[in-house]
Amino acid sequence: MRPRRAAGEGGEVGGGTGAVLTELVRLCGGRLTGMDVDPSALEAARRSAGGGVRLLLADATAGPIPHADIFVFSHFLLHVAGLGAFLGRVAGALTPGGYCAVLSEYVWTDATETTSSGLLDRIRLSLSADGLVLRNGDVLDEAFAGAGLDRVASGVEPGVPARPDPAFLREQLGEEVSAPETSLLSVPVRWGVYRKRG
């Protein structure tokens, strides 16, 4: 992938509090746009990213997407129900030869649990009930290809077995999960770089 500083415009869709956007500013300085639906997250992004970053309170899955030479996604695509249509709109906003970089997307469909407590199944059901779309990593490659974006590189980093965060479990399951029930979960992470044809 060409260095980001070679691109004129960059964007992060669903950037939340701006952690990734802040790093992009530090690394390359260019004209950057961050989009999110949460005003408090955008305010945090404004504080951390500083000047030179345009922040938009907008739902990129339903509204316009700004023009860019590169888009970055991190833990966002799980929130997109119509992935093919959304990536088609992203491709339309990209300059010819522009890039999309998926820094990380959890692959809950391939997650594993060290015991058969049923905790992982409960988490998956809860995430789906919250509107997240749980898909395997191959679906991302296919969706990007269908939108006219060729895969430069992609892969899956295996998850590291760990105890789930108690705060995450409380939020997702709405209850305290006792220690004996809690097993080690391993959630793989998908990444990829895609380039617009032309």
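Engineer: Describe the pairing of strand β5 (residues 94–106), listing the residues and the values that go with them.
Structural biologist: Burial of β5 is extensive: 10 of the 13 residues sit out of reach of the surface. This β-α-β element, strand β4 (residues 68–74) to helix α3 (residues 83–93) to β5, shows right-handed connectivity. Note: β5 against strand β9 (residues 189–196), six bridges, orientation antiparallel. Within the sheet, the bridge partner assigned to Tyr106 lies in β9 and is Val189.

Engineer: Could you give me a rundown of the packing of aromatic side chains, with the residues and numbers involved?
Structural biologist: In total, this model carries six aromatic pairs according to the counting rule given. When the centroid spacing of 6.2 Å and the interplanar angle of 10 degrees are considered together, the rings of Trp108 and Phe168 count as stacked. With Trp108 in the loop between β5 and β6 (112–113) and Phe168 in helix α6 (residues 166–173), this pair connects stretches of sequence that are 60 residues apart. Relative accessible area serves as the criterion here: at 8%, Trp108 is assigned to the buried category. Overall, the relative accessible area of 26% leaves Phe168 in the partly exposed class. An aromatic cluster of at least three residues, connected via ring pairs, comprises Phe73, Phe76 and Phe86.

Engineer: Kindly report on the pattern of salt bridges, identifying the contributing residues and their values.
Structural biologist: A full pass over the atoms with the stated rule returns six salt bridges. Salt-bridge contacts for Glu43 lead to Arg46; the nearest nitrogen and oxygen are separated by 3.6 Å. Here Glu43 and its partner Arg46 are both found in helix α2 (residues 39–49), three residues apart, which amounts to about one turn of the helix. On the basis of relative accessibility, which here comes to 43%, the residue Arg46 falls in the partly exposed class. Salt-bridge contacts for Arg122 lead to Glu175; the nearest nitrogen and oxygen are separated by 3.1 Å. You can see Arg122 sitting in helix α4 (residues 119–129) and its partner Glu175 sitting in the loop between α6 and β8 (185–186), a full 53 residues away along the chain. A relative accessible area of 26% means that Arg122 is categorised as partly exposed. A cluster of three or more residues bridged by salt bridges with shared partners is formed by Glu43, Arg46 and Arg47.

Engineer: Just give me the short version of unusual backbone geometry, but keep the residues and values in it.
Structural biologist: Not every positive phi belongs to a glycine, and His75 is a case in point at roughly 55 degrees. Residue position: His75 is located in the loop between β4 and α3. A relative accessible area of 30% places His75 in the partly exposed class.

Basis of the calculations
- Residues numbered from 1 in each chain as written.
- Predicted model: local features only at pLDDT ≥ 70, side-chain atom pairs only at ≥ 80, totals over all residues.
- Heavy atoms only, no water.
- Buried < 20%, exposed > 50% of the residue type's maximum accessible area, 1.4 Å probe, protein only.
- Helix = DSSP H or I, 4+ residues; strand = E, 2+ residues; numbered from the N terminus.
- Right-handed = clockwise from strand over helix to strand, strands pointing away.
- Pairing = 2+ DSSP bridges.
- Phe/Tyr/Trp six-rings, centres within 6.5 Å; stacked < 30°, edge-to-face > 60°.
- Salt bridge = Lys/Arg side-chain N within 4 Å of Asp/Glu carboxyl O.

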